[in-house]
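For reference, the chains in residue letters:
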Amino acid sequence: MNINDMTFDDMIKELESLDIKDMYLNDFFLTWEKTDDEIKAVWTVADALRNLRERNISTKVFDSGLGISLFRDNSTRTRFSFASACNLLGLEVQDLDEKKSQVAHGETVRETANMISFMADVIGIRDDMYIGKGNAYMHEVTQAVQEGYEAGVLEQRPTLVNLQCDIDHPTQLMADTLHIIHEFGGIENIKGKKIAMTWAYSPSYGKPLSVPQGAIGLLTRLGADVVLAHPDGYDVMPEVEEVARKNAEASGGSFTKTNSMAEAFKDADIVYPKSWAPFAAMEKRTNLYGEGDFDGIDKLEKELLAQNAEHKDWTCSEELMATTKDGKALYLHCLPADISGVSCEEGEVDASVFDRYRDPLYKEASFKPYVIAAMIVLEKFKDPVKLLKDLEAEGKARIHKN
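Residues numbered from 1 in each chain as written. Predicted model: local features only at pLDDT ≥ 70, side-chain atom pairs only at ≥ 80, totals over all residues. Heavy atoms only, no water.

Caption draft 1: The pairing of strand β1 (residues 66-71), seen in detail. Burial analysis of β1 places 5 of its 6 residues in the buried class, which makes it a mostly covered element. Sheet topology places β1 next to strand β2 (residues 92-95); 4 bridges connect them, and they run parallel. Following the sheet pairing, Leu 66 is matched in β2 by Glu 92. The parallel pair β1 and β2, bridged by helix α3 (residues 77-89), forms a crossover whose chirality is right-handed. Relative to strand β3 (residues 120-127), β1 is paired through 6 bridges, and the arrangement is parallel. (Buried < 20%, exposed > 50% of the residue type's maximum accessible area, 1.4 Å probe, protein only. Helix = DSSP H or I, 4+ residues; strand = E, 2+ residues; numbered from the N terminus. Pairing = 2+ DSSP bridges. Right-handed = clockwise from strand over helix to strand, strands pointing away.)

Caption draft 2: Representation of the packing of aromatic side chains. Taken as a whole and assessed by the stated rule, the structure comprises 5 aromatic pairs. Taking 4.3 Å as the distance between ring centres and 20 degrees as the angle between the ring planes, the aromatic pair formed by Tyr 130 and Tyr 289 counts as stacked. A residue pair is termed long-range when its members are at least 10 positions apart, and Tyr 130 in the loop between β3 and α5 (134-150) and Tyr 289 in helix α10 (residues 279-290) qualify at 159 residues. A relative accessible area of 43% places Tyr 289 in the partly exposed class. Note on Trp 199 and Trp 314: the rings are 6.2 Å apart at their centroids and 70 degrees apart in plane angle, and the pair reads as edge-to-face. Within this pair, whereas Trp 199 is found in the loop between β5 (194-198) and α7 (210-219), its partner Trp 314 is found in the loop between α11 (294-309) and α12 (318-322), the two being separated by 115 residues in sequence. With respect to burial, Trp 199 and Trp 314 carry one shared label: buried. Through successive ring pairs, a cluster of aromatic residues spans Trp 199, Tyr 234 and Trp 314. (Phe/Tyr/Trp six-rings, centres within 6.5 Å; stacked < 30°, edge-to-face > 60°.)

Caption draft 3: The sheet that holds β3, seen in detail. The 4 strands are arranged β2-β1-β3-β4 in an open sheet whose pairing can be described as parallel. Bordering the open sheet on either side are β2 and β4 (159-165), each of which pairs with just one other strand. Within the sheet, the average angular offset between the axes of one strand and its neighbour, ignoring direction, is 20 degrees. On top of the sheet, α3 reaches β1, β2, β3 and β4; it is set at about 175 degrees to β1, its chief contact. Packing of helix α14 (residues 358-380) onto the sheet brings it into contact with β3 and β4, and relative to β4 it is tilted by some 150 degrees. (Axes fitted to C-alpha atoms, helices over the stretch in contact; angles between N-to-C directions. Contact = heavy atoms within 4.5 Å.)

Caption draft 4: Representation of the side chain of His 333 within the structure. Within the element layout of this structure, His 333 appears in the loop between β9 (330-331) and β10 (339-340). Take His 333: its relative accessible area is 2%, and that puts it in the buried class. A polar contact is formed between the side chain of His 333 and the backbone nitrogen of Leu 335, at a distance of 2.7 Å. At 2.9 Å, the side chain of His 333 forms a polar contact with the side chain of Glu 348. Aside from chain neighbours lying at most four places away, what touches His 333 is Tyr 272, Pro 273, Lys 274, Glu 348, Leu 361 and Glu 364. (Polar contact = N/O pair within 3.5 Å; in protein donor to acceptor, adjacent residues only side chain to side chain.)

So this is what it looks like as structure tokens:
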């Protein structure tokens, strides 16, 4: 059955077939830490929640409670997606601004985590700038709230959603992949498709590795032929490449690498041209930051900008798009893209390519609030099947119409 033809009842039947018991009261750190059933459950619940909202059925499963958001890097789409997801479920969002909190005065992670969690049901964190730090910080937060719950300090144990760390960007890639699934009519139709995750030139410095790493860590699970392309020296974490290789072997797909953008684009069904900083450079920046060497960070930034400038030909051009499958590959981007002649002089993508795919890109982004909401539902409710059935049966109107 084409996924776009699935009814709400079809989604419920799909969810009933999946083993998801371990998601309850758990956290969502990295996609490759979740089973295939758990990954499918997120997509299924996301579609079910969207189906209910489209039919004007309220999905407020919380009467009160907080969703705490902590962004240590700038964000538009993910910040609003988290807020939308919490609101969709009935949670109020409270943003933690560390500059306005006692964190700035040396408050410990353990204390902060417990102080913000008295009435919190979920914590969303983005911490993606420093290698070896972001994901570790998230684990420190979850350990602190678990200890607070066990000690009777907290009435409930808030669960965590990784809104982007130094290793993975699970909400982004889960949304991207759900977009792909809908575009191709189902997960089974992605098997054997060529997907190019490729570096692209940007005039800015230090873009995180988590998007390309998240892509190869997730898309290789679908039986696709995933190609990672980048100039020499722009490697990602080797341990994530190993995850991709193992995933491809298990799914019957493939994972290959190339230093040619043209090779990656040739006959590709899907392309994802996106800039990122070299893994080695990000490690160096983390060390400089730890040493408080801000002059060294400034020097590194200049070096990396110069290195980027040597690869301005790595751009998603009309000529390259013409070499893809039937010249019509699905173009993906997490946004905002560096658009040549629009947001910058030279960048990741030609303006004409971006304009042609603008609506699909916005649709791609629209899946993220539902993916985040689905993660929260699966973490907070022991029987999500019954929960969704009850919501439909109650049929409470989200908007009261006269």
